[in-house]
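Tertiary structure, described
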Amino acid sequence: MACNFVVKKRGVSSHLQLHLHLYFLLLSFVFVEKFGLVSGLNYTKYKQVSSLRLERIQKHLKNINKPAVITIESPDGDIIDCVHKRKQPALDHPLLKNHKIQKAPTEMPKVKRLKEDEARDSRSNEADVKDAWQLWHRNGTRCPKGAVPIRRSTMHDVLRAKSLFDFGKKQYGGMINPNHHGADAPDFVAGNGHEHAIAYTGTSQEIYGAKATINVWDPSIQEVNEFSLSQIWILSGSFDGSDLNSIEAGWQVSPDLYGDSRPRLFTYWTADSYQATGCYNLLCAGFVQTSSRIAIGAAISPVSQYAANQYDISILIWKDPKRGNWWMGFGDNILVGYWPAELFTHLADHATMVEWGGEVVNARANGRHTSTQMGSGHFAEEGFGKSSYFRNLELVDVDNSLSSVRDISTLAENTNCYDIKNFYSNEWGTYFYYGGPGNNPQCP
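Presented here is an overview of the structure given in this document. Everything numeric here is computed off the predicted structure, so don't read it as measured data. (Residues numbered from 1 in each chain as written. Predicted model: local features only at pLDDT ≥ 70, side-chain atom pairs only at ≥ 80, totals over all residues. Heavy atoms only, no water.)

**With respect to the nonpolar core**
Ranked by size, the top nonpolar core spans 89 residues in total, and within it Ile 234, Trp 251, Ile 313, Ile 315, Trp 339 and Trp 356 carry the most contacts. Filtering out sequence-adjacent residues up to four positions away, Ile 315 remains in contact with Ala 210, Lys 211, Ala 212, Ile 214, Ile 232, Ala 249, Gly 250, Leu 265, Met 328, Gly 329 and Phe 330. In this structure, Ile 101, Tyr 208, Leu 316 and Val 396 belong to the second largest nonpolar core, which totals 11 residues. (Core = buried A, V, L, I, M, F, W, Y, C linked by side-chain atoms within 4.5 Å. Buried < 20%, exposed > 50% of the residue type's maximum accessible area, 1.4 Å probe, protein only. Contact = heavy atoms within 4.5 Å.)

Right, here's the structure in full:
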């Protein structure tokens with residue numbers, strides 16, 4: 001029995017149809033879910049689901065899928081609900097019951113001016129790279145003023161997760177102990193199935209934000225429960241304890257989370273080392289969206305092609321110097337929204353480390369390293385147009401000034417599978433190429 005339904009306008013008739021649909025589902029204690037092939041992945045599976053679980057899932061979906069002012073159907077099949085900003089999921093958080101939505105940051109980070117020759121050099125190659133946007137914009141429909149676009153979650157989305165609790169959450173992995181690998185070097189917990197190629201700052205700084213421009217690709221994923229992402233991490237707290245605070249944003253391919261293999265803009269947050277707090281995107285209460293133009297979790301298009309056109313996205317995360325909320329900017333100064341200061345402990349003050357780079361899950365199916373790609377699926381040595389990059393790495397300091405990062409370190413656990421090489425130029429500031437194919441003769 002399939003559970004595919006699209007409610008374009010929410011009225012009495014659509015609610016009645018929804019309840020009737022649920023009623024017939026609950027008549028059976030067996031729910032059979034079938035998926036087609038997604039980019040070569042075997043997406044056909046069957047689940048036995050009790051009526052009690054179905055009821056719980058439906059209740060959860062009702063909590064996160066808020067009533068829409070209008071609904072937009074994306075060419076990729078996503079349903080984008082335009083929800084009144086005061087009705088969005090964030091405000092359900094117990095710490096935000098009396099929260100007044102901040103319309104805009106009190107101050108944007110100040111950009112330190114380039115020297116004239118550096119600025120000229122930067123402009124000279126602007127045509128080589130193009131901005132990526134979002135697929136749901138293609139039909140020309142936008143959310144009206146006062147509403148924010150939210151990707152609707154479905155029964156299928158939840159049933160792909162291990163449990164309702166796990167839906168929208170990162171599995172613990174990739175967290176950091178600066179006492180290992182030498183001073184200030186992250187230590188990724190061995191055996192957790194997560195692999196990385198990252199650049200990072202030291203842990204002795206007070207950091208109030210970070211920025212980067214990230215090359216967008218569509219890496220292939222071997223197993224449905226694996227992912228490949230490229231992101232910024234803003235970190236503070238105990239790296240080997242249970243109180244790590246993290247704010248994250250970038251693009252990811254995650255068939256398990258989204259049901260396809262398209263690269264998508266994502267956010268994440270946690271205040272307790274990925275244990276109980278936080279989630280991806282707007283799948284729980286927390287992140288407050290203010291933009292009517294950007295849908296978090298929506299597909300990014302177009303994407304880069306090998307030895308052809310390159311596309312990238314710029315992401316800025318910084319702490320409002322007066323209100324303390326952590327804002328996110330996308331592209332050319334589009335304000336997406338913010339993580340309220342109330343959500344955090346350590347990040348309520350400042351960050352102590354920033355990371356930029358890629359992460360994959362290696363499930364080691366059949367005892368072999370995954371062939372899930374990171375970035376473009378090519379090693380760093382291949383360079384522009386072939387290897388994926390992060391460029392113009394910048395940090396925000398205590399004076400709310402944004403400046404190029406000069407002193408970074410890099411780390412990849414297994415350079416035969418995925419690697420990273422960093423450089424500096426007037427045009428791209430501090431930048432790096434990273435990624436790889438995963439499984440190959442040197443990465444069995």
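**Quick notes on the state of the cysteines**
Evaluation of the coordinates by the stated rule reveals 3 disulfides. The disulfide partner of Cys 82 is Cys 143, and the S-S distance across this bridge is 2.0 Å. With the S-S dihedral at roughly -80 degrees, the linkage between Cys 82 and Cys 143 falls on the left-handed side. In this pair, Cys 82 sits in strand 2 (residues 79-84) while Cys 143 sits in the loop between strand 5 (133-134) and strand 6 (147-151), placing the two residues 61 residues apart along the sequence. (Disulfide = S-S within 2.5 Å. Helix = DSSP H or I, 4+ residues; strand = E, 2+ residues; numbered from the N terminus.)

**Notes on the packing of aromatic side chains**
Under the definition given, this model contains 18 aromatic pairs. Pairing Phe 390 with Tyr 434 gives two aromatic rings, centres 5.4 Å apart and planes at 70 degrees, and the pair type is edge-to-face. Of this pair, Phe 390 sits in strand 18 (residues 388-396) while Tyr 434 is found in strand 22 (residues 429-435), placing the two residues 44 residues apart along the sequence. The exposure class assigned to Tyr 434 is buried, which follows from its relative accessible area of 0%. Members of the aromatic cluster, connected to one another through ring pairs, are Phe 384, Tyr 389, Phe 423, Trp 428, Tyr 431 and Tyr 433. Here the guanidinium or amino end of Lys 169 rests over the ring plane of Phe 165, the centre of that ring lying 5.4 Å away. Stacked on the ring of Tyr 268, the Lys or Arg Lys 170 has its end atom at 5.7 Å from the ring centre. (Phe/Tyr/Trp six-rings, centres within 6.5 Å; stacked < 30°, edge-to-face > 60°. Lys NZ or Arg CZ within 6 Å of the ring centre and 35° of its normal.)

**A word on the environment of Gln 102**
Note that Gln 102 resides in the loop between strand 2 and strand 3 (110-111). Sequence spacing of Gln 102 and Asn 325 is 223 residues, and the spatial spacing of their C-alpha atoms is 8.9 Å. With sequence-adjacent residues up to four places away left out, Gln 102 is seen in contact with Thr 290, Asp 320, Arg 323, Asn 325, Trp 327 and Tyr 338.

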